[in-house]
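Chain residues, written in single-letter form:
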Amino acid sequence: MFSFGFQHDGMPRTFSSTYSCYSVSMLPGQEREDVEKGGKIIMPPSALDQLTRLNIQYPMLFKLTNKKTDRETHCGVLEFIADEGRIYVPYWMMRNLLLEEGSLVYLENISLPVATYAKFEPQSTEFLDITNPKAVLENALRIFACLTKGDMIAIKYNERIYELSVLETKPGNAVSIIECDMNVEFAAPVGYKDETDSGREKTAAGEEEAMAVDVEAYIANSSFRAFTGQGNRLDGKKKNTELVNPKKQQTRYITGIPNYNYKRGKLTFIRTVKSQADCSTSQSEQSDFEAFSGEGQSLRKKHTRK
């Protein structure tokens, strides 16, 4: 069923008709992947006859409307080889219009402004794996004729299908992308979580706080004291040793304490300085010491003459 609008001079200016809509997979005897991954449809030859008689603008652009759900989108035309009363559209376009196989769709030709800007939202974080997403999208849109705000388009890359939601188009909600210079932006993919710098700083601060240890309290509460036991000789004799004073060792136990004030690129050499009391004790011990003042022993037994 065709209908026409007329100008004041009596020449028709618009074309509209209602068709049964089918996906490209229902096209008899053909597999048209070029239609499935693009934004153009296949129409019957009678539509071409009617369009050539009209005073319409080229390229031919159309608006598809599902009047039951009040959903609409826009497309171009690729060929006029469909059976009469039918049109074949990409499956992603049928999903946007909420159409089933054989559902009726209202089609009319329309004139759209040339696109200057579009923003897309990937529906999967896997889209981030693409090295140059803008180049991939530009190549995929070459077989599209127009974009409609709110549509969910599908592009194929490396044998995978990526879905993108059209968030915004300028200068209108529906634009033509044939021979245009369009700026493209991407929103964050659905499910993507961005770790901000402040979040990283909070995490690092929490780790440093968890690592902070009160060393003095740890040493005071620790029951272990190194080398405080009594040694035994192999010959059974008792060794004249004094036990190490635990308190004295506690004050000198600094091994293993991390330097929390460390800065990258700075070397710090820590030396243990003896206290004055320790120095005076060691000096007094040295003053009482006399070298070779002991009594020697001989391995031979001395024989006394009678």
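What comes next is a walk through the structure. Since we're looking at a predicted model, the values are computed, not measured.

Helix and strand content of the chain: 8 helices and 13 strands. Across the 306 residues that make up the chain, the buried fraction comes to 30%. Sequence-distant contacts, at least 24 apart, represent 75% of the contacts inside the chain between residues at least 6 apart. When the accessible surface of the chain is summed, it comes to about 22700 Å², and 49% of that surface belongs to carbon and sulfur atoms.

Now for the environment of Ile 155. Considering the arrangement of structural elements, one finds Ile 155 in strand 10 (residues 152-157). Remark: the alpha-carbon pair of Ile 155 and Leu 137, spanning 18 residues in sequence, is separated by 7.6 Å.

Moving on, we come to the packing of aromatic side chains. Within this structure, the stated rule accounts for 5 aromatic pairs. Taking the centre distance of 6.2 Å and the plane angle of 40 degrees together, the rings of Tyr 22 and Tyr 88 count as tilted. With Tyr 22 in strand 2 (residues 12-23) and Tyr 88 in strand 6 (residues 86-89), this residue pair connects regions lying 66 residues apart in the sequence. Where Phe 127 meets Tyr 162, the ring centres are 5.9 Å apart and the plane angle is 75 degrees; that geometry is what we call edge-to-face. With Phe 127 in the loop between strand 8 (117-122) and helix 4 (133-140) and Tyr 162 in strand 11 (residues 160-170), this residue pair connects regions lying 35 residues apart in the sequence. A residue is classified by how much of its surface remains accessible, and Phe 127, at 4% relative accessible area, is buried. Its relative accessible area of 9% is what places Tyr 162 among the buried residues. One aromatic cluster is present, formed by Phe 120, Phe 127, Tyr 162 and Phe 186 through successive ring pairs. Across the ring face of Tyr 106, the terminal group of Lys 67 is positioned such that the distance to the ring centre comes to 4.1 Å.

By the burial criterion, the buried members of helix 4 are Val 136, Leu 137 and Ala 140. The buried residues of helix 4 all sit within an arc of 95 degrees when viewed along its axis, so they share a single face. Considering only its buried residues, helix 4 is in contact with strand 8, strand 10 and strand 13 (183-186).

In space, the 4 strands of this open sheet follow the order 10-11-8-13, with mixed pairing throughout. Of all strands in the sheet, those bounded by a partner on one side alone are strand 10 and strand 13. Neighbour-to-neighbour, the strand axes of the sheet open up by a mean angle of 35 degrees, direction not taken into account. Relative to strand 11, strand 8 runs antiparallel, the two being bridged by 6 bridges. Counterpart to Glu 121 in the pairing with strand 11 is Ser 165.

Here we come to the side chain of Thr 148. Along the chain, Thr 148 turns up in strand 9 (residues 146-148). Residue classification places Thr 148 among the buried residues on the basis of a relative accessible area of 7%. A distance of 2.9 Å separates a polar atom in the side chain of Thr 148 from a polar atom in the side chain of His 74. Thr 148 has contacts with Glu 72, Thr 73, His 74, Val 166, Asn 173 and Ala 174, leaving out every residue within four places of it along the chain.

What counts and how
- Numbering of residues starts from 1 in each chain and follows the order in which that chain's sequence is written.
- Local features in this predicted model are restricted to residues whose pLDDT is 70 or higher, and side-chain atom pairs enter the listing and the counts only when it is 80 or higher, whereas totals over whole chains, interfaces and linings include all residues.
- In computing side-chain values, all of the structure's heavy atoms are included and hydrogens and water are not.
- By the criteria applied, helices consist of DSSP H or I runs no shorter than four residues and strands consist of E runs no shorter than two, each listed in order from the N terminus.
- Categorising residues by exposure relies on relative accessible area from a 1.4 Å probe, with only protein chains included: less than 20% of the type maximum marks a residue as buried, more than 50% marks it as exposed, and the intermediate range marks it as partly exposed.
- Only heavy atoms matter for contacts: two residues are in contact if any of them lie within 4.5 Å across the pair.
- For the area figures, the Shrake-Rupley method with a 1.4 Å probe applies, and any residue is considered shielded solely by the protein chains shown.
- For Phe, Tyr and Trp, where Trp contributes only its six-membered ring, two rings pair if their centres lie within 6.5 Å, and the inter-plane angle classes them as stacked under 30 degrees, edge-to-face over 60, or tilted in between.
- We call a charge positioned over a ring when the NZ of a Lys or the CZ of an Arg lies within 6 Å of the ring centre and within 35 degrees of the ring normal.
- When we speak of the arc, we mean the arc of directions from the helix axis to the C-beta atoms.
- Two strands make a pair as long as DSSP finds a minimum of two bridges between them.
- Fitted lines through C-alpha atoms give the axes, limited to the stretch in contact for helices. The angle between two N-to-C directions lies from 0 to 180 degrees.
- Any pair of nitrogen or oxygen atoms within 3.5 Å is treated as a polar contact; in protein, a donor-acceptor pairing is required on top of that, and neighbouring residues in sequence qualify only through side-chain atoms on both sides.

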